[in-house]
Amino acid sequence: MAHKFAQQTDCLFAVGNGFRDMATSMKPWPAGLKLIHSHIDWSEIHRSYMADVALVGDAKAALADLAAALEDRLPKDKRSVKPEVALEVAKAKQEWLDMWMPLLTSD
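First, a word on scope: everything that follows refers to the structure included in this document. (Residues numbered from 1 in each chain as written. Predicted model: local features only at pLDDT ≥ 70, side-chain atom pairs only at ≥ 80, totals over all residues. Heavy atoms only, no water.)

**Things to note about helix H3 (residues 59-70)**
Thinking step 1. Here H3 spans 16 Å end to end across 12 residues, near enough to the 16 Å set by a 1.5 Å rise per residue.
Thinking step 2. Of the residues that open H3, the one with a side-chain oxygen 3.2 Å from the backbone nitrogen of Lys-60 is Asp-58. (Helix = DSSP H or I, 4+ residues; strand = E, 2+ residues; numbered from the N terminus. Expected span 1.5 Å × (residues − 1). Polar contact = N/O pair within 3.5 Å; in protein donor to acceptor, adjacent residues only side chain to side chain.)

**Comments concerning the side chain of His-39**
Thinking step 1. Among the secondary structure elements, His-39 is positioned in strand S2 (residues 34-39).
Thinking step 2. Residue His-39 is classed as buried on the basis of its relative accessible area, which comes to 13%.
Thinking step 3. Engagement of the side chain of His-39 in a polar contact is seen with the backbone nitrogen of Asp-41, the distance being 3.0 Å.
Thinking step 4. Setting aside residues no more than four positions away along its own chain, His-39 makes contact with Gly-16, Asn-17, Gly-18, Glu-44, Ile-45, Leu-55, Val-56 and Gly-57. (Buried < 20%, exposed > 50% of the residue type's maximum accessible area, 1.4 Å probe, protein only. Contact = heavy atoms within 4.5 Å.)

**Considerations on the environment of Glu-44**
Thinking step 1. Relative to the helices and strands, Glu-44 resides in the loop between S2 and strand S3 (53-56).
Thinking step 2. Between the C-alpha atom of Glu-44 and that of Arg-20, which follows or precedes it by 24 residues, the distance is 9.6 Å.
Thinking step 3. Sequence-distant contacts of Glu-44, that is, excluding residues within four places in its chain, are made with Gly-18, Arg-20, His-37 and His-39.

**What to know about the environment of Val-85**
Thinking step 1. Mapping Val-85 onto the fold places it in helix H4 (residues 83-104).
Thinking step 2. Taking the C-alpha atoms as reference points, Val-85 and Met-99, separated by 14 residues in sequence, lie 21 Å from one another.

**Thoughts on the pattern of salt bridges**
Thinking step 1. Summed over the entire model, instances satisfying the criterion amount to one salt bridge.
Thinking step 2. Taking the shortest distance from any N to any O, the salt bridge between Lys-91 and Glu-95 comes out at 3.9 Å. With a gap of four residues between them, Lys-91 and Glu-95 both fall in helix H4, about one helical turn apart.
Thinking step 3. By relative accessible area, Glu-95 is classed as partly exposed at 41%. (Salt bridge = Lys/Arg side-chain N within 4 Å of Asp/Glu carboxyl O.)

Keep in mind these numbers describe shape, not what the thing actually does.
This is the structure:
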């Protein structure tokens, strides 16, 4: 899913993601994509992909600190997810579940 949505953005913010070879197939990111990678384990940063910005720390604490730092920089009307983006993410998640749930729940 990261690669699918990376095709539609200029910046990807990955939190707690190790970008394992099996999940990513080591596919290259689109040209110009900026990667912000947050992980509790510093050795995971730059492991599979070079991050443009690295945040090392507990996800909950790192996100809380980041949200507080950006609080006064974002206009209030820009803080919610656009409905069409939320629908696209929900659709992609459902497609993934439809594909994998039979395998994950089989005997």
